Each structure stands twice: as structure tokens, then as C-alpha cells.
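Residue strings, one per chain:
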Amino acid sequence: MGTYWLLPRISTYPSHDARIEMQLYNSDKKLDLPAYGVSMAITNGRVDWQGYEVLPFTAETMFPVCSPGYLEKHGPLSSLADLPAHNLLHLDSHYHEGATWRDFLAHYGLSYTLPGGVSTFNNYILVVHAVLSGAGIGLGWQHSVGDLVASGALVRPLKEAQTTTNDFFLVYRKGRPLTPKAAGVRDWLLGLGSLNAS
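A.B. asks: What should I look at first to understand the pattern of salt bridges in this one?
C.D. replies: Two side chains carrying opposite charge are able to pair once their charged atoms lie near each other. Counted under the stated rule, the structure contains two salt bridges. The closest approach of N and O atoms between Lys159 and Glu160, which form a salt bridge, is 3.5 Å. Judged by relative accessible area, which is 19%, Glu160 ranks as buried. The shortest N-O distance in the salt bridge between Asp187 and Arg186 comes to 2.9 Å. For Asp187, a relative accessible area of 44% translates into the label partly exposed.

A.B. asks: For this particular structure, what's the right way to read the sheet that holds strand S3 (residues 61-65)?
C.D. replies: Sheet strands associate in pairs through backbone hydrogen bonding, adopting either a parallel or an antiparallel arrangement. Taken together, the three strands give an open sheet; going across it, the order is S6-S3-S7, and neighbouring strands pair in antiparallel fashion. With partners counted over all chains shown, the strands left at the sheet margins are strand S6 (138-141) and strand S7 (162-163), one partner each. Where S3 lies against S6, four bridges are found, and the strand directions are antiparallel. Looking across to S6, one finds that Met62 is bridged to Trp141.

A.B. asks: Looking at this model, I keep getting lost on the nonpolar core. Mind explaining?
C.D. replies: For soluble globular proteins, nonpolar side chains are generally found buried alongside one another. Among the nonpolar cores identified, the biggest contains 30 residues, and Leu83, Trp101, Phe104, Tyr124, Val127, Ile137 and Val145 are the most heavily contacted of them. Put simply, the parts of the chain that give this core at least two residues each are S3, strand S4 (89-91), helix H3 (101-107), helix H4 (124-132), S6 and helix H5 (142-151). Top contributing element to this core by residue count: H4, with five residues. Grouped together as the second largest cluster of nonpolar side chains are 10 residues, Trp5, Tyr13, Phe57 and Leu189 included.

A.B. asks: I'm lost on the confidence of the model for the protein chain in this one. Help?
C.D. replies: A low pLDDT score tells you not to read the predicted coordinates there in detail. The predicted model of the protein chain averages 86 in pLDDT, with 85% of residues at 70 or higher. Within the protein chain, the lowest mean pLDDT, 71, falls on helix H1 (residues 2-6), and the highest, 98, falls on helix H2 (residues 68-74).

A.B. asks: What am I meant to see in the layout of surface pockets here?
C.D. replies: Empty space left among the atoms is revealed by rolling a probe the size of a water molecule over them. Within this model, the second largest pocket holds a volume of roughly 300 Å³. Going through the elements one at a time, S4, H3, H4 and S6 are the ones with two or more residues in the lining of the second largest pocket. At three residues, the largest contribution of residues to the lining of the second largest pocket is made by S4. Classifying every residue of the lining of the second largest pocket by side-chain character gives 10 nonpolar, five polar and two charged.

A.B. asks: How should I be thinking about the sheet that holds strand S1 (residues 40-44) in this particular structure?
C.D. replies: The strand order across the open sheet built from three strands is S1-S8-S2, with neighbouring strands paired in antiparallel fashion. Each end of this open sheet is capped by a strand with a single partner; those strands are S1 and strand S2 (52-58). Put simply, the sheet's adjacent strands are angled 30° from each other on average, direction ignored. Pairing analysis gives five bridges linking S1 to strand S8 (residues 168-173), with the strands arranged antiparallel. Bridge pairing links Ile42 to Leu170 in S8. Helix H6 (residues 180-192) contacts S1, S2 and S8 of the sheet and is inclined by roughly 30° relative to S2.

Cut-offs used in this document
- Residues numbered from 1 in each chain as written.
- Predicted model: local features only at pLDDT ≥ 70, side-chain atom pairs only at ≥ 80, totals over all residues.
- Heavy atoms only, no water.
- Salt bridge = Lys/Arg side-chain N within 4 Å of Asp/Glu carboxyl O.
- Buried < 20%, exposed > 50% of the residue type's maximum accessible area, 1.4 Å probe, protein only.
- Pairing = 2+ DSSP bridges.
- Helix = DSSP H or I, 4+ residues; strand = E, 2+ residues; numbered from the N terminus.
- Core = buried A, V, L, I, M, F, W, Y, C linked by side-chain atoms within 4.5 Å.
- pLDDT = per-residue confidence, 0-100.
- 1 Å grid on protein atoms, 1.4 Å probe; cavity = no way out; pocket = protein on both sides within 12 Å on 5 of 7 lines; lining within 4 Å.
- Points joined across faces, edges and corners; volume = space filled by probe spheres on them.
- Nonpolar A, V, L, I, M, F, W, Y, C, P; charged D, E, K, R; others polar.
- Axes fitted to C-alpha atoms, helices over the stretch in contact; angles between N-to-C directions.
- Contact = heavy atoms within 4.5 Å.

This is the structure:
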């Protein structure tokens with residue numbers, strides 16, 4: 001989310017009077033937020049955040065994506081059943097705590113066994129770069145690849161999209177009042193999240 005969603009929106013942060021020093025970290029796994037300072041995370045609903053304020057941010061919606069060049073060379077795809085015949089790009093489950101191709105296809109009643117010789121990555125940024133290069137089809141999350149699809153850098157070879165019950169949340173520690181500037185960062189992020197759009 002940080003690379004393809006947050007960074008392009010950094011310029012929308014409020015005026016210089018409201019600015020605060022920020023250190024940004026990207027992770028495909030649950031973060032242990034430091035006990036000092038003010039730390040916030042945007043994370044999905046698959047983990048328990050006891051002792052934290054948990055505010056709704058955006059829904060988890062995912063769909064297949066590929067480059068226009070890949071689709072021109074290997075397409076078209078007529079249904080989800082065509083996907084296993086393609087080079088599906090995978091996140092290594094040792095580094096990624098989230099939905100997989102197997103989960104996505106199972107949602108539509110299709111069984112999928114991970115074949116040998118597949119392309120596996122330990123970081124979602126690598127998956128997106130591989131998709132952009134035309135290496136195969138990736139599972140795209142709306143909050144991460146939506147801008148790339150809107151720009152035409154990526155395309156959706158099929159219309160199906162799954163919205164799960166695992167919404168994303170903005171979290172930070174309870175019992176530690178936010179400074180006015182930190183509260184401004186929280187409110188800015190929440191304003192960008194689709195679950196808080198007016």
C-alpha cells in the first residue's frame with residue numbers, strides 16, 4: 001500500500017504549518033508498533049489489535065491484473081478457469097499473511113493446486129513490478145493497483161473482483177493521546193480511505 005497508494009498521495013498532505021516528521025515502513029506482515037513515539041499502521045482485519053485504536057480505512061477488494069503487453073500476447077481470457085494455464089505470480093506465504101490465488105479461485109468455486117516451477121516473491125512490490133514487466137498475471141488489491149489500472153499501466157483481463165470481509169484499518173496505540181499534528185496525520189489518512197469518503 002505504501003509504494004503504489006500512499007506515496008503518490010503524499011503531495012495532498014496539509015500545509016507546511018501542519019507538517020510532522022514521518023518515517024514510512026512497508027511490510028507484508030503484521031508490524032509490531034514501537035512502544036515509544038506515535039506509530040500508526042494501515043493493516044487488514046486478519047490480526048487482533050488489542051490495546052489499539054482500530055479505525056475503518058478501506059475494503060479489501062482483489063482481482064487479476066496483467067500488463068497490456070501480456071494480455072495482447074497471451075490473451076484473451078474468457079473465464080477464471082483459464083487462469084491456471086497462465087503464469088500466475090505468487091507471494092511467498094512465509095512472508096505474506098493474506099489472500100492467495102487459491103483463496104481467490106476458491107471464492108468462485110474453483111480448486112487450485114500450486115504447481116511446480118511457479119514464480120514466487122517475498123514482497124508484493126516485486127509482484128507488481130513483475131506484472132508491469134509482462135512476466136505473468138498477479139492478484140491485484142484495489143488499494144495498491146487501482147491507480148495503475150486507471151492509468152492503463154495494468155489491465156484487468158477478467159471482470160471478476162472479490163471483496164472480502166477483511167477490511168483494512170488504521171491502528172495506533174490506546175492510552176497515548178495524539179498530538180494535534182499526529183491527529184492531523186490520522187485524519188488526513190482517514191480522509192483518503194474509501195470507508196471514510198463522504
